[in-house]
Amino acid sequence: MQLAMQQMNFPIVEMGIGINTGEAVAGNVASQKRAQYTVIGSHVNLAARIESYIVGGQILISENTWKDANIDLQIAGQLQIEPKGMKHPVTICEIRGIGGKYNLFLPKYDQ
């Protein structure tokens, strides 16, 4: 998604991505007049909290997601955060690229 954003013919638009791994409940919520498909759960909440730490077009993932991914990720750095609603600090990682058969890397940028 980050690489596709560069190909769009808009003024500079930055899109941050926050990712966490875990179980969630997905489905239609509300009445038949106004229903929406959504996901809920503590892992979804943590993904939203991770996203709130993003600056510019970063991709941030939880340490659990990094371990579960089992793929060659280029990590630019790690940060320990204390998100609202969590009892313990959480380590997040900034992703700069993915190797292996995908071989996709974000361009270097100055913040």
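Refer to the structure printed above.
Residues numbered from 1 in each chain as written. Predicted model: local features only at pLDDT ≥ 70, side-chain atom pairs only at ≥ 80, totals over all residues. Heavy atoms only, no water.

Draft legend 1. Just unusual backbone geometry, in detail. Phi angles above zero are rare outside glycine, and asparagine 70 is one such case at about 50 degrees. Tracing the sequence through the fold places asparagine 70 in the loop between helix H3 (63–69) and strand S5 (73–81). Taking relative accessible area as the criterion, asparagine 70 reaches 72% and is therefore assigned exposed. The phi dihedral of asparagine 103 is positive, around 50 degrees, even though this residue is not glycine. Looking at where asparagine 103 falls in the secondary structure, it is placed in the loop between strand S6 (90–98) and strand S7 (104–105). (Helix = DSSP H or I, 4+ residues; strand = E, 2+ residues; numbered from the N terminus. Buried < 20%, exposed > 50% of the residue type's maximum accessible area, 1.4 Å probe, protein only.)

Draft legend 2. Looking closely at the pairing of S6. Along S6, eight of the nine residues are buried, which leaves the element largely enclosed by surrounding structure. In terms of strand pairing, strand S4 (residues 59–62) meets S6 through three bridges, oriented antiparallel. Along S6, the bridge assignment pairs leucine 60 with glutamate 94. Across eight bridges, S5 lies against S6 in antiparallel orientation. When the sheet's bridge partners are listed, leucine 73 is paired in S6 with isoleucine 98. Joining the antiparallel neighbours S6 and S7 is a turn of five residues, in which glycine 100 adopts a positive phi near 65 degrees. (Pairing = 2+ DSSP bridges.)

Draft legend 3. Quick peek at a nonpolar patch on the surface. A surface patch of nonpolar side chains, amounting to about 260 Å² of accessible area, comprises Ile71, Tyr102 and Leu104. One can find leucine 104 in strand S7. A relative accessible area of 43% places leucine 104 in the partly exposed class. (Patch = residues over 30% accessible without salt bridge, like charges linked within 9 Å, V, L, I, M, F, W, Y side chains within 5 Å. Areas by Shrake-Rupley, 256 points an atom, 1.4 Å probe, with all protein chains shown as cover. Salt bridge = Lys/Arg side-chain N within 4 Å of Asp/Glu carboxyl O.)

Draft legend 4. Spotlight on the pattern of salt bridges. Evaluated as defined, the whole model comprises one salt bridge. Arginine 96 is the salt-bridge partner of glutamate 94, the closest N and O atoms lying 3.9 Å from each other. Taking relative accessible area as the criterion, arginine 96 reaches 11% and is therefore assigned buried.

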